Amino acid sequence: MSQVAIKTAPETAVSERDMANAIRALAMDSVQKANSGHPGMPMGMADVATVLFNRFITIDPSKPDWPDRDRFVLSAGHGSMLQYALHYLLGYSDMPIEELQRFRQLGSRTAGHPEYGHALGIETTTGPLGQGISTAVGMALAERMLAARHGQELVDHHTYVIAGDGCLQEGISHEAIDLAGHLRLNRLIVFWDDNSISIDGPTALSTSMDQPARFAAAGWNVSQVDGHDIEAVAEAIEAAQRSDRPSLIACRTVIGKGAPNLGGSEKTHGAPLGDAEIAATRENIGWPYAPFEVPDEILDAWREVADRGRLARLAWEQNLTASPQRTAFESAISGALPEAVFEALSAFRKEHVEKETKVATRKASEMALGVINAATDLTIGGSADLTHSNLTITKGMNRIAPGDYAGSYVHYGIREHGMAAAMNGIALHGGFIPYGGTFLCFADYARGAMRLSALMGQRVIYVMTHDSIGLGEDGPTHQPIEHLAMLRATPNLNVFRPADIIETAECWELALRAKERPSVLVLSRQNLPMLRYAHTDENRSSRGAYLLRGPAGRRAVTLIATGSEVEIAVSAAQRLHAEHGIAAAVVSMPCWELFEEQDDEYRRAVLGSAPRVAVEAAARLGWDRWIGDNGVFIGMTGFGASAPAPDLYRHFAITPEAVAEAARKLVI
Ligand SMILES: Cc1ncc(C[n+]2csc(CCOP(=O)(O)OP(=O)(O)O)c2C)c(N)n1
Ligand SMILES: [Mg+2]
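We now turn to the structure provided with this report. Since this is a predicted model, take the numbers as computed values, not measurements.

### Some thoughts on the coordination of the magnesium ion (ligand 2)
- Distances from the magnesium ion (ligand 2) to its protein donors, Asp165 (OD), Asn195 (OD1) and Ile197 (O), fall within 2.0 to 2.2 Å.
- Sequence spacing of the donors to the magnesium ion (ligand 2): D-x29-N-x1-I. Of this pair, Asp165 sits in helix α6 (residues 165-169) while Asn195 sits in the loop between β3 (188-194) and β4 (197-198); the two residues are 30 residues apart in sequence, bridging distant segments of the chain. The two residues Asp165 and Asn195 agree in class, both being buried.

Here's what the structure looks like:
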């Protein structure tokens, strides 16, 4: 027998079974009305969710962004009706019953999968399986880091996750649980909806994994319960809260629990139950109410959960008011960077224009970061085991270690996808600006989470070095070709490819200022000369592209380039002038997305009406937009090769001579 008193259900006339049945009924009715959706998971996890919310979670629907709230992540996002039903029952102001009746319809808050920003209280977008649990690792880490800085008085909450078989089968879960176990993120509690069913049928079709053993091996506290035994679930949560490790609670459940004929079958996973089975379910669970009707006493019981949360929030606010940490805490949560950061970056640019500093843009990024990190402690750096290649750590940064969260640098390990998801979680949690590095080529490995950074509009900064064949000897496996096109095709993502140390500092500034958009800094391994003639207060990269070199008179041709190829374009222009008397303008285009946002007049002025040659050591895809019908693109047409970088540029004919020759042919 347990010696510890288990948190009992608050005194109400209504049973938790009834409260759970309200979730079941709302889920099956909404899916039926939409004629689309996933009733099985919400019905199977209704009991677990009820215990969790009724007895443990502290949230306040009347102030959903209160910083010390518990975080709830529905990693199995297809079960979105679980979340929407909870939000209606808890009384979120933007989730009246009509929203449930408009489930999955255009313009509703009740999108097919939970979308961050669509409804209050949705902490992160989920649906791509495995993302939620991995994002939650970042949230749980941010909680510990914020507590280390501002004290447990102000920061003391849990991150709860519901994950399905799918989330745990996805590779990203491995990265995430390994990292969480290593860092001993004991405020992270994951419920596994262990129903042995996924879309194709029994999970035994495709897995023999001992999931509890896998989590235990990663350093987690693990328990296994009957997910329909409310007291057993409560006991497991209590034990998890006392653990010094992250916890997995494997909840043995029946998918579609309550449906007498279809319960336990994959048929409940992603299709309406149908009128007959819904009627039989009502009978079976003792729910004699009309569709979308929840009796007052059951609704009241749920609203009491919200009220308890409101009182907790009010008490916390009093704590905050009295706290000596108040100003620092509020400033961190606001995410506002001190002006000193931008002043220091401007001074940095001036200094290096004067010194004509020639460094790789990855080195320039490190130098700029030195200035940024000295002026703010909002930034949390990291790398997927390439710290000294990505150059992401700066002087005075201490590492985050198991049980020690006072530092500001995360060794994410060789886990690009896990790193990206964790950074999403850190950004969503609030209090920090995460940046993390890897080689640009391995953006592929991080892609699923990078897409969500963009979809959710999070200020996550990707530092992606070794950005072309210019990395040289490591060869084609490491040389990105199609990655810029892929990243540029992603909506709401700024892709910066600076040409020199000055543009690198400018792009860092722009990334930091983009509060609602992730950025990728695409940086060279090889040294690049400083290309500006003079310091300007204006951030010239801020309009995405600009005239770097303009001929005195009319231009005969425009050369457009990014990053390391701007140097090539500049020397091609000199060659055209010296050898052929051709006046060439050079446009540096560090960020397509910002250039696209400029007005026509500016864009026309920059691009000019003369024929254009673009040069970038990458795939052509997308460049036709800028070079027009008669333009020429000089870049890569296939994979790279293993050789010293200068040899590769010659081999693939990405040279000043080739650019000049192409331009000359266009002009004559
Ligand atoms: C990355 C990704 N791959 C595939 C899917 C499509 N998908 C949605 S749910 C699902 C099965 C999930 O099984 P499980 O987590 O066990 O959910 P349950 O059927 O138990 O509700 C799949 C393959 C997805 N949403 N995300
Ligand atoms: Mg399942």
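### Observations regarding the nonpolar core
- Leu141, Leu188, Trp220 and Met450 are the most contacted members of the largest nonpolar core, which has 70 residues in total.
- With 10 residues, the single largest contributor to this core is helix α5 (residues 131-150).
- With sequence-adjacent residues up to four places away left out, Met450 is seen in contact with Ala420, Ala443, Tyr462, Met464, Leu487 and Val520.
- Core analysis: the second largest hydrophobic core is formed by 63 residues, Ala22, Ala76, Leu89 and Met95 among them.

### What about the site of ligand 1?
- Near ligand 1, the surroundings consist of 15 residues, among which His78, Gly166, Asn195, Ile197 and His269 are the closest.
- Between a nitrogen atom of ligand 1 and a main-chain N or O atom of Gly127, the distance comes to 2.8 Å.
- Within the side chain of Asn195, an N or O atom sits 2.7 Å from an oxygen atom of ligand 1.
- Here ligand 1 loses 74% of its free accessible area of 580 Å² to cover by the protein chains.
- Mapped onto the shell around ligand 1, the elements with two or more residues apiece are α6 and β4.
- Taken together, the residues of the shell around ligand 1 break down into 6 nonpolar, 7 polar and 2 charged.

### What to know about the pattern of salt bridges
- Across all of its chains, the model carries 39 salt bridges by this definition.
- With a closest N to O distance of 2.9 Å, Arg102 and Glu99 form a salt bridge.
- Among the residues examined, Arg102 registers a relative accessible area of 34% and is labelled partly exposed.
- Its relative accessible area of 5% is what places Glu99 among the buried residues.
- Here Arg310 makes a salt bridge to Asp307, at a shortest N to O gap of 3.2 Å.

### Some remarks on a negative patch on the surface
- Taken together, the side chains of Glu293, Asp296, Glu297, Asp300 and Glu304 make up a negatively charged region of the molecular surface.
- Structurally, Glu297 can be placed in helix α11 (residues 296-322).
- Accessibility expressed as a relative area gives 45% for Glu297, which makes it partly exposed.

### Regarding the sheet that holds β3
- The 5 strands lie next to each other as β1-β2-β3-β7-β6, forming an open sheet whose pairing is parallel. At either end of the open sheet lies a strand with only one pairing partner, and these are β1 (71-74) and β6 (221-226). For this sheet, the mean angle separating the axes of adjacent strands, direction not counted, is 15°.
- Pairing of β1 with strand β2 (residues 159-163), which is carried by 4 bridges, proceeds in the parallel orientation. From the neighbouring strand, Leu74 faces β2, where its bridge partner is Ile162.

### A closer look at helix α17 (residues 443-456)
- Its 14 residues give α17 an end-to-end C-alpha distance of 18 Å, which sits within 8% of 20 Å, the value for a rise of 1.5 Å per residue.
- Each element contacted by the buried residues of α17 is listed here: α5, α16 (416-429), β11 (433-439), β12 (461-465), α18 (483-489) and β14 (519-522).
- Just past α17, the residue Gly457 takes up positive phi, approximately 65°.

### A short note on the packing of aromatic side chains
- Overall, the coordinates contain 15 aromatic pairs when judged by the stated rule.
- Here the aromatic cluster, defined as three or more aromatic residues joined through ring pairs, consists of Trp592, Phe595, Tyr602, Trp623, Trp626 and Phe633.
- Here Arg303 stacks its cationic end above the ring of Tyr88, 5.6 Å away from the centre of that ring.

### Here's the deal with the pairing of β14
- Both faces of β14 are covered, namely the face carrying Ser519 and Leu521 and the face carrying Val520 and Val522.
- By the bridge criterion, 4 bridges tie β12 to β14 in an arrangement that is parallel. Bridging from a neighbouring strand, Ile461 pairs with Ser519 of β14.
- Taken together, the 3 bridges between strand β13 (residues 494-496) and β14 define a ladder with parallel strand orientation. Note that in β14 the partner of Phe496 across the bridge is Leu521.

Rules used in this analysis
- Residues numbered from 1 in each chain as written.
- Chains lettered and ligands numbered in written order.
- Predicted model: local features only at pLDDT ≥ 70, side-chain atom pairs only at ≥ 80, totals over all residues.
- Heavy atoms only, no water.
- Donors = N, O, S within 2.8 Å, 3.2 Å for Na, K, Ca; no water.
- Helix = DSSP H or I, 4+ residues; strand = E, 2+ residues; numbered from the N terminus.
- Buried < 20%, exposed > 50% of the residue type's maximum accessible area, 1.4 Å probe, protein only.
- Core = buried A, V, L, I, M, F, W, Y, C linked by side-chain atoms within 4.5 Å.
- Contact = heavy atoms within 4.5 Å.
- Near = heavy atom within 4 Å.
- Polar contact = N/O pair within 3.5 Å; in protein donor to acceptor, adjacent residues only side chain to side chain.
- Areas by Shrake-Rupley, 256 points an atom, 1.4 Å probe, with all protein chains shown as cover.
- Nonpolar A, V, L, I, M, F, W, Y, C, P; charged D, E, K, R; others polar.
- Salt bridge = Lys/Arg side-chain N within 4 Å of Asp/Glu carboxyl O.
- Patch = residues over 30% accessible without salt bridge, like charges linked within 9 Å, V, L, I, M, F, W, Y side chains within 5 Å.
- Lys, Arg positive; Asp, Glu negative; His and termini not counted.
- Charge placed at Lys NZ, Arg CZ, Asp CG, Glu CD.
- Pairing = 2+ DSSP bridges.
- Axes fitted to C-alpha atoms, helices over the stretch in contact; angles between N-to-C directions.
- Expected span 1.5 Å × (residues − 1).
- Phe/Tyr/Trp six-rings, centres within 6.5 Å; stacked < 30°, edge-to-face > 60°.
- Lys NZ or Arg CZ within 6 Å of the ring centre and 35° of its normal.

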